[in-house]
Structures are given as structure tokens and as C-alpha cells.
Amino acid sequence: MFGIKTRIMRLLAGPVYRRQYAPTGKKTLADLRLYRKFRLDIPTYDGCGQLVHPDIFFDRSIGKYVLSFTPYPFNDDSHENPCIAVSDDGIHFREEREGLNPLARPPEKDHNDDPDISLHDGVYSLVYLETVRPDYQNIVALRSTDRLNWERKVLYRQNLAGSGDIILSPAVIWTGEGCRCFFVMGNYGKGHRILVAGPAAGLEALDFAGAVPVNIAGIPKGLMPWHLDVFPDGEGGFVMLLCLVAHHKDGKGGRYFLHIVRSRNLTDWKLDPAPVLNNCYRSSGFVKDCILYIYFSSNFWGDEWKTGLYKVKL
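Keep in mind the model is a prediction, meaning the values are calculated, not measured. (Residues numbered from 1 in each chain as written. Predicted model: local features only at pLDDT ≥ 70, side-chain atom pairs only at ≥ 80, totals over all residues. Heavy atoms only, no water.)

Some remarks on the overall build of the protein chain
Summing up its helical and strand segments, the protein chain has 1 helix and 22 strands in all. Buried positions account for 55% of the 314 residues belonging to the protein chain. The contacts in the protein chain between residues at least 6 apart in sequence include a share of 48% that link residues at least 24 apart. Roughly 14,300 Å² of accessible area belongs to the protein chain as shown, and the carbon and sulfur atoms make up 51% of that amount. (Helix = DSSP H or I, 4+ residues; strand = E, 2+ residues; numbered from the N terminus. Buried < 20%, exposed > 50% of the residue type's maximum accessible area, 1.4 Å probe, protein only. Contact = heavy atoms within 4.5 Å. Areas by Shrake-Rupley, 256 points an atom, 1.4 Å probe, with all protein chains shown as cover.)

A closer look at the pairing of strand S16 (residues 238-246)
Where burial is concerned, most of S16 is hidden: 9 out of the 9 residues are buried. Residues Phe238, Met240, Leu242, Leu244 and Ala246 of S16 are buried on one face, and the alternating residues Val239, Leu241, Cys243 and Val245, pointing to the opposite face, are buried as well. The turn linking strand S15 (residues 224-232) back onto S16 is made up of 5 residues, and glycine 234 within it adopts a positive phi angle of 85 degrees. Judged from the 9 bridges that link them, S16 and strand S17 (residues 255-263) form a sheet pairing that is antiparallel. Across the sheet, the residue bridging to alanine 246 is arginine 255, located in S17. (Pairing = 2+ DSSP bridges.)

With respect to the sheet that holds strand S20 (residues 282-288)
Within a sheet, neighbouring strands are paired by backbone hydrogen bonds and run either parallel or antiparallel to one another. Within the open sheet, the 4 strands sit side by side as S1-S22-S21-S20. Their pairing is antiparallel. Strands with a single pairing partner mark the edges of an open sheet, and in this sheet they are strand S1 (38-40) and S20. Strand-to-strand, the axes of this sheet are offset by a mean angle of 30 degrees, without reference to chain direction. By the bridge criterion, 10 bridges tie strand S21 (residues 291-300) to strand S22 (residues 304-313) in an arrangement that is antiparallel. If you follow isoleucine 294 over to S22, its bridge partner there is tyrosine 310. (Axes fitted to C-alpha atoms, helices over the stretch in contact; angles between N-to-C directions.)

What about the pairing of S20?
Where burial is concerned, most of S20 is hidden: 6 out of the 7 residues are buried. Relative to S21, S20 is paired through 7 bridges, and the arrangement is antiparallel. Looking at the pairing, valine 287 lines up with leucine 292 of S21. Counting the residues in the hairpin turn of S20 and S21 gives 2 residues, including aspartate 289, whose phi is positive at 55 degrees.

Focus: the nonpolar core
If you look at the biggest cluster of nonpolar residues, it comprises 45 residues, and the most contacted ones within it are Phe182, Ile216, Leu228, Met240, Leu242, Trp269 and Ile294. Broken down by element, this core gets its largest block of residues, 9 residues, from S16. (Core = buried A, V, L, I, M, F, W, Y, C linked by side-chain atoms within 4.5 Å.)

Some points on the pattern of salt bridges
Inspection of the entire model under this criterion finds 15 salt bridges. A salt bridge links arginine 147 to glutamate 96, with the nearest nitrogen and oxygen atoms 2.8 Å apart. Linking arginine 147 in the loop between strand S8 (136-144) and strand S9 (151-159) with glutamate 96 in the loop between strand S5 (93-94) and strand S6 (111-120), this pair joins segments that are 51 residues apart in sequence. Classification of arginine 147 as buried rests on a relative accessible area of 10%. The partner of aspartate 135 in a salt bridge is lysine 109, with the nearest N and O atoms 2.9 Å apart. Taken as a pair, aspartate 135 in the loop between strand S7 (123-132) and S8 and lysine 109 in the loop between S5 and S6 lie far apart in primary sequence, 26 residues in all. By relative accessible area, aspartate 135 is classed as partly exposed at 35%. Sharing partners across several salt bridges, the network here consists of Asp55, Asp116 and Arg282. (Salt bridge = Lys/Arg side-chain N within 4 Å of Asp/Glu carboxyl O.)

With respect to the side chain of histidine 111
Relative to the elements of secondary structure, histidine 111 occurs in strand S6. Look at histidine 111 and you get buried, because its relative accessible area is 9%. Only 2.7 Å separates the side chain of histidine 111 from the side chain of aspartate 110, close enough to count as a polar contact. In contact with histidine 111, not counting residues within four places along its chain, are Asp77, Glu80, Leu129, Glu130, Thr131 and Arg133. (Polar contact = N/O pair within 3.5 Å; in protein donor to acceptor, adjacent residues only side chain to side chain.)

Here's the deal with unusual backbone geometry
For the peptide bond that leads from arginine 133 to proline 134, omega is 5 degrees, which places it in the cis range. For proline 134, the location among the structural elements is in the loop between S7 and S8. The backbone of asparagine 75 shows a phi angle near 70 degrees, a positive value even though the residue is not glycine. Given the relative accessible area of 30%, asparagine 75 is considered partly exposed. If you check the backbone angles, aspartate 121 has positive phi at about 50 degrees while not being a glycine.

So, the packing of aromatic side chains
Evaluated as defined, the whole model comprises 14 aromatic pairs. Between tyrosine 256 and tyrosine 281 the ring centres are 5.2 Å apart and the planes differ by 70 degrees, which places this aromatic pair in the edge-to-face class. Taken together, the residues tyrosine 256 in strand S17 and tyrosine 281 in the loop between strand S19 (277-278) and S20 connect sequence positions 25 residues apart. Considering the side-chain rings of phenylalanine 286 and tyrosine 295, the 5.9 Å spacing of their centres and the 35 degrees angle between planes classify their relative orientation as tilted. (Phe/Tyr/Trp six-rings, centres within 6.5 Å; stacked < 30°, edge-to-face > 60°.)

Shown next as C-alpha cells:
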């Protein structure tokens, strides 16, 4: 049973969310104003419309935006199973086929999390985490050629016993060298750090055990890497959207800040010192005509999880 305070906060969360984000109506991405948050209403299989871990790209082969995510109604991670939605305009999303989601069921205990979707040589790959604490984590790939029928493959198993390490936020990027997978190795004792596996010819060739550190100078003191995404900047370089967290002393909750990090070669990275968004749990995006479109998830009063869109100039 929820307490009276929580019930009141949940009643207030909806109106606050609607006021904070302006409805987009029939506007296009180009019509939306810079530096203003816009609400996105994305359908979830549980009917609640709350989600985290958005990951998006524009699929030129079909002329649509493809979004992966996990539902997260009121912090209930049992619903955190990978899903996809598509959009013609990047604003209004729909399920590809009614009843398609979720694409994977929960593990025998704990939960799934952190999906990342990409396309290479006509194959869609949705990489996500199967987190089974305190025993192990699987990095899992779902692959499809039509976004409707998916085959499952475990890419890597991480033993969680004793090390204190836990994998967060795998992000796959394909270049002429093959694929890389950036991710956060979380450890509250040693500190979170960013690692990268690859380049490799394909997902199954990635050496996650041999992943190497990614050095990003300028991360503010007291903040730890949390979630990230990596994608091209449209001018031969790359953008990392990096969520940093200031955790409470007990390791629970915290304050989240989104920073833009840039690179010309996927090796040397420079962090913009000022956060581009506050209260950003995870984000994804793409660059078009030197405009960065950021799709982000945030929590509101009463643990309402919502998704928005924010535009900035690069």
C-alpha cells in the first residue's frame, strides 16, 4: 500500500508534467523551438506510458525513426523489458505491430535493462542487459531483418559475485572499422568508469572482458558516469551523451546531469563542462543540420517516468 504522501505526489505528477512539457501537436522536428523541452507520448505494453532508457536512430532504409526503450511504471523494474516503437516524424510514436512488445521476457529473477538499437548491413541489433543479481549479467543481442521477428544471442556473461562490478548502458556504434560497444562499469567502491570493447568485425567478436578505459577529462568532482549513448555528429566526428550522477551516501537515488562529450576519433573525448540538461536519467539522439536532437527520460514527483525531446545547436 502506498502512503498518503506518495499518493498525493502521484496525483500532482501528471499536471506538473503536462505544464513542463509543451504538447507538440502536428509540428515537425524542424518546427520545434531550440532549448525548450517537449513532451513525447510513447505507448508501452503495460498501458502506463512511463519509460526509461530511450535509444533512437533514423532508419534511412525505411524513412522512419526507430526507438528502443523499457517501460518503468512507478519504478517497477519487472516491466523493464526491451521494446521498440517507430515514428514517421520523430515526435509521434506507435508500436510497429500491435502486441509486438515486449521483445523479451524477464529473466528468472531481477530484471532486464538498458537497451540500445542499431542497424548494420540490413540487420537490426537490439543490445540489452539481462541483470540477475547477485549472480550474473548477460549482454544480450536481439537481431532482426524486419523489426518483427527477433533472434536472441548472449554476447557476454559477467560474473557479479565478489567483484562489485555491474555493467550499465551498453551503446553500440558502427564505423568503417566495424563495431564498438561503449559501456559503464559501475562500482560504488572503486568508482564508475567508462569502457569500450572493439573495434571488431561484429557483435559476437567484441571482447568485453578485454574492454579498455575511455578517458574523458573534465568530469566534475563528485559525479560518476551513469548512462551514455554514442552516435555520429554528421561532420565526421562523434557525440557522446553522458549522464552523470551525484549519488546519495547510501548509493540510492541521486541527482542526474546530462553532458555533451565530443570526439573526432572515438578515442580522444572532450566534455562540455556545463550540463545541457538536469534531471536526465538516460538519453539518446542524433544530429541533423548541426542541430542535436536529444531524447531523454526523467522522473517526476511520485516517481512518474516520462520522456521528452530537447533541441540544441552543436
